[in-house]
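This is what each chain is made of:
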Amino acid sequence: MKKPVYMDYAATTPVDPAVADEMMKYLTLDGVFGNPASRTHAYGWQAEAAVEAARKQVAGLIHADPREIVWTSGATESDNLAIKGAVAGRQGVHIITSKIEHKAVVDTCKWLEHQGTDVTWLDPAADGTISCEQVLDALQENTVLVSLMLVNNELGTINDIAAIGAELRQRGVLFHVDAAQAGGKMAIDVGSMPVDLLALSGHKVYGPKGVGALYVRRSPDVQIEAQIHGGGHERGMRSGTLPTHQIVGMGKAFSLAQSGLEEEIVKLEALRKSFLAGLQSLDGVSLNGSESNRVPGIVNLSFDGVDAESLMLGLRDLAVSSGSACASATVEPSYVLRGIGLSDEQAHRALRFSFGRFTTEEDVAFASSQIVDVVSRLRAVR
Ligand SMILES: Cc1ncc(COP(=O)(O)O)c(C=O)c1O
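What you see is a predicted model; the values in this text were computed from it and never measured.

Q: Sorry if this is basic, but what is going on with the overall build of the protein chain here?
A: Counting its regular elements, the protein chain contains 11 helices and 14 strands. Principal-axis analysis of the C-alpha atoms places the extent of the protein chain at approximately 70 × 55 × 40 Å. Burial status across the protein chain gives 54% buried among its 382 residues. Across the protein chain, the fraction of contacts at a sequence separation of at least 24, relative to all contacts at a separation of at least 6, is 73%. Of note, the protein chain has its 34 positive side-chain charges centred 3 Å away from the centre of its 46 negative side-chain charges.

Q: Can you walk me through the sheet that holds strand 10 (residues 298-303) in this structure?
A: Hydrogen bonds along the backbone pair up the strands of a sheet, which may run parallel or antiparallel. As summarised here, the arrangement of the 3 strands in space is 9-10-14, forming an open sheet in which the pairing is antiparallel. Of all strands in the sheet, those bounded by a partner on one side alone are strand 9 (285-287) and strand 14 (350-354). When the angles between neighbouring strand axes are averaged without regard to direction, this sheet yields 30°.

Q: Please explain the domain arrangement of the protein chain as it appears in this structure.
A: Accessible area lost upon the coming together of the parts is a frequently used measure of interface size. What the domain assignment reports for the protein chain is domain 1 (5-12 + 261-380) and domain 2 (17-256). On a C-alpha basis, the centres of domain 1 and domain 2 stand 28 Å from each other. Summing both partners gives a buried area of about 2,500 Å² for domain 1 against domain 2, and 57% of it is carried by carbon and sulfur. Here domain 1 and domain 2 share 0 salt bridges between them. Applying the counting criterion to the domain 1 and domain 2 interface returns 15 residue pairs in polar contact (both at pLDDT 80 or more).

Q: Explain the pattern of salt bridges to me, please; I cannot follow it from the model alone.
A: Opposite charge on two side chains permits them to pair, given that their charged atoms come into close proximity. Taken as a whole, this structure holds 16 salt bridges when the rule is applied. Among the ionic pairs, R39 bridges to E48, the shortest N-O distance being 3.4 Å. Look at R39 and you get exposed, because its relative accessible area is 56%. R238 is the salt-bridge partner of E77, the closest N and O atoms lying 2.7 Å from each other. Taken together, the residues span a long stretch of sequence, with E77 in helix 3 (residues 75-87) and R238 in the loop between strand 8 (212-216) and helix 7 (244-277) at a distance of 161 residues. Note on R238: relative accessible area 13%, which makes it buried.

Q: Can you walk me through the packing of aromatic side chains in this structure?
A: Remark: the centre distance and the inter-plane angle together describe each pair of aromatic rings, the angle taken between the planes. The full count for this structure, using the stated rule, is 7 aromatic pairs. With 6.1 Å between their ring centres and 55° between their planes, Y9 and Y206 make a pair best called tilted. Note that Y9 is positioned in the loop between strand 1 (5-6) and helix 1 (17-24) and Y206 in the loop between strand 7 (197-201) and strand 8, a separation of 197 residues in sequence. You can call Y9 buried: its relative accessible area is 6%. Ring centres 5.8 Å apart and planes at 70° place the aromatic pair F275 and F355 in the edge-to-face group. With a gap of 80 residues between them, F275 in helix 7 and F355 in the loop between strand 14 and helix 11 (361-380) connect regions that are remote in the sequence. Of the two residues, F275 and F355, both sit in the buried class.

Rules and cut-offs
Throughout this document, residue positions are counted from 1 along each chain, in the order its sequence is written. With pLDDT at 70 or above as the cut-off, local features in this predicted model cover only qualifying residues; side-chain atom pairs require 80 or more to be listed or tallied, and sums for whole chains, interfaces and linings still use all residues. Derived side-chain values reflect all non-hydrogen atoms in the structure, with water molecules and hydrogen atoms excluded from consideration. The helix count covers DSSP runs of H or I at least four residues long, the strand count covers runs of E at least two residues long, and both are numbered beginning at the N terminus. Classification of residues uses two cut-offs on accessible area relative to the type maximum, computed with a 1.4 Å probe and protein chains only: under 20% is buried, over 50% is exposed, and between them is partly exposed. Note on definitions: a residue-residue contact is assigned when non-hydrogen atoms from the two residues lie within 4.5 Å. Under the convention used here, Asp and Glu are negative, Lys and Arg are positive, and both His and the chain ends fall outside the count. Taken as the charge centre is NZ of Lys, CZ of Arg, CG of Asp or CD of Glu, depending on the residue. Whether two strands pair depends on DSSP finding at least two bridges between them. Note on definitions: angles span 0 to 180 degrees between N-to-C directions of axes, and those axes are lines fitted to C-alpha atoms, for helices only across the stretch in contact. Here the bounds of each domain stem from an automatic or database domain assignment. The term buried area means the drop in 1.4 Å probe accessible area that two parts suffer when joined, counted for both and summed. Salt bridges are defined by distance alone: a side-chain nitrogen of Lys or Arg within 4 Å of a carboxyl oxygen of Asp or Glu. Residues adjacent in sequence count toward polar contacts only when both atoms are side-chain atoms; beyond that, a polar contact is any pair of N or O atoms within 3.5 Å, and within protein one must be able to donate a hydrogen and the other to accept it. Two aromatic rings, drawn from Phe, Tyr or Trp (for Trp, its six-membered ring), form a pair once their centres lie within 6.5 Å of each other, and the interplanar angle then sorts them: stacked below 30 degrees, edge-to-face above 60, tilted otherwise.

Given below as structure tokens:
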């Protein structure tokens, strides 16, 4: 069976072949399979050296000090560690987040809310962004943390994290940023972006699933409570034997992302233009989220008069996502699209198309022609 054209890079990316090759060297007896925490023999030392080299590569992409990188199992865990770790043991505190964060942040903040933490849930503007003023207006004397995403996973929109961070730094409020969808898609420099905690994921950047990192600023020094206890790995912040092959994979993936970043952005911008140009013959198509403040590889579109579920069924030769979560038998409209002001009906008409490193001009031309055909057909039988 011919595989559908993959247009769901925001869900996950294929592992780059160069990354897979590198990972294979860290698994078997003839490779570096030791436990990086084994201090008594060369097997451990070699594994530890590989982990530290990868730490440098991941730090490199965001211009951090390698000592500021804590390995985790993915951005979900990084978000949990950052948010719970910043609030742990503090009574009567207040935190701020938005209604369109990823579930890893939303559900973590809801859990804290149930434990008694006061949470302000900001409403984004219709373009999908949160403004500096909104954050400043929501601050209270007891605010200890703000958590916002850099790039929204459903819309591809970018928040002005540098401006918000500068204000929060002045006021001594910790700033956590979920950058899972930003890594490898835009330049990130923690030198000019005053954030304290920043979550990254391996599998969104052509690395393996099941590995991620949390950037924890050293200057000024940020203290968080560990959420997983055990052998005291990662300077006590996250215990558990480090998965050398996963970490080496994430390191290689991040170094490829760094060296190819500019070229990749140019390529994705061109693909996006071609994709949208291919849809020009259709009317009643609207882009969800800001026109300009966005990464090029994620495009969320609503099609007037067409239900996204039917559209997806018609687009059998494309792998896309609706951004809706299936809860039991009913398909809930995306809370992100509802969050930017779309009605349930409008949210049900949206699909997310995301492309990446291995997408070709032929792929996007095929995708847009399929969309034109299926949307026209569905509209004709209304
Ligand atoms: C914005 C955002 N945050 C967090 C996550 C969770 O990342 P992971 O799959 O590495 O746990 C994702 C992945 O979908 C995401 O898009």
